[in-house]
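Observations on the three-dimensional arrangement
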Amino acid sequence: MTASIKITSSEEIFETSGVQIFKDKVIFKNSLLTEQSIPINQITTINLGKFGFHENQVIIETIDNKKYKIFIKASDQKKFRDTIHQVQQLNKERTVKTSETISRDKKKCPFCAELIIVEAKKCRYCGEFLDKSKEV
Ligand SMILES: [Zn+2]
């Protein structure tokens, strides 16, 4: 089975030897073959196993200091880590965007009276350009 990375609208992003990465979690089977999941945004460090018998394992640490040992083919480890970092970055950007939109101050457009963002240079409703220099 070959690993693939594709961040699309579909839920599953990456899969390798029984380990799956979704937009919000990683799902894997532990040594007892029980399925476990780790929320992506709680992952703090991902250490790749390097030598001999550790070659096939990745140690994931989370915010609450839990450690998870995941078995992954050595050749897929970097991709696995990169994908998680990518997903974390995307999630972060999404969160920032959402909170920005919420906290932005609004004002009424002088042309059409719709509520628009204070810093807007152009009204998104009527398309008029708002010349900031005229406001004092
Ligand atoms: Zn307007």
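Residues numbered from 1 in each chain as written. Predicted model: local features only at pLDDT ≥ 70, side-chain atom pairs only at ≥ 80, totals over all residues.

Side note on the pairing of strand 2 (residues 19-22)
Heads up, the rule is: Two strands are counted as paired when DSSP detects at least two bridges linking them. We count a stretch as a helix when DSSP gives it H or I for four or more residues in a row; a strand needs E for two or more, and each element gets its number in order from the N terminus.
For strand 2 and strand 3 (residues 25-29), the ladder comprises two bridges, and the chain directions are antiparallel. Bridge pairing links Gln20 to Ile27 in strand 3. Counting the residues that bridge the hairpin from strand 2 to strand 3 gives two residues.

Notes on the nonpolar core
Where we set the bar: For our purposes the nonpolar core covers buried Ala, Val, Leu, Ile, Met, Phe, Trp, Tyr and Cys residues that link as a set through C-beta atoms within 7 Å. Counting other C-beta atoms within 10 Å of its own, a residue is labelled buried from 20 upward, exposed at 12 or fewer, and partly exposed in the gap between, with every C-beta atom placed from the backbone.
Judged by nonpolar contacts, the single largest core of 14 residues is most densely connected at Ile21 and Ile84. Taken together, the elements giving at least two residues each to this core come down to strand 1 (12-16), strand 3, strand 6 (57-62) and helix 1 (74-103). No other element matches the three residues that helix 1 contributes to this core.

Quick notes on the sheet that holds strand 6
Heads up, the rule is: Whenever a helix is involved, its axis is fitted only over the stretch in contact; in every case the axis is a line through C-alpha atoms, and angles between N-to-C directions fall within 0 to 180 degrees.
A sheet is described by the order of its strands in space; here three strands give the open sequence 5-6-7, paired in antiparallel fashion. Each edge of the open sheet is held by one strand with a lone partner, namely strand 5 (43-48) and strand 7 (67-71). Mean inter-strand twist for the sheet, computed between neighbouring axes without regard to direction, equals 20 degrees. Summarising the sheet, strand 5 and strand 6 pair through five bridges and their orientation is antiparallel. Paired with Leu48 across the strands is Val58, a residue of strand 6.

Details of the environment of Leu115
Which entries qualify depends on this criterion: Each residue is represented by a C-beta atom placed from its backbone, and any two residues with such atoms within 7 Å are regarded as in contact.
Tracing the chain through its elements places Leu115 in strand 9 (residues 115-117). A tally of 9 C-beta atoms within 10 Å means that Leu115 is categorised as exposed. Placed 10 residues apart in sequence, Leu115 and Asp105 show a C-alpha to C-alpha distance of 9.7 Å. Leave out the neighbours within four places in its chain, and Leu115 touches Lys106 and Lys108.

Concerning unusual backbone geometry
Despite not being glycine, Leu33 shows a phi value in the positive range, around 65 degrees. Tracing the backbone through its elements, the reader meets Leu33 in the loop between strand 3 and strand 4 (35-39). Although it is not a glycine, Asn65 sits at a positive phi angle of roughly 65 degrees. Structurally, the position occupied by Asn65 is in the loop between strand 6 and strand 7.

Topic: the environment of Ala120
Examined against the element boundaries, Ala120 turns out to sit in the segment after strand 9. Through-space distance from the C-alpha of Ala120 to that of Cys109 is 9.6 Å; in sequence the pair is 11 residues apart.

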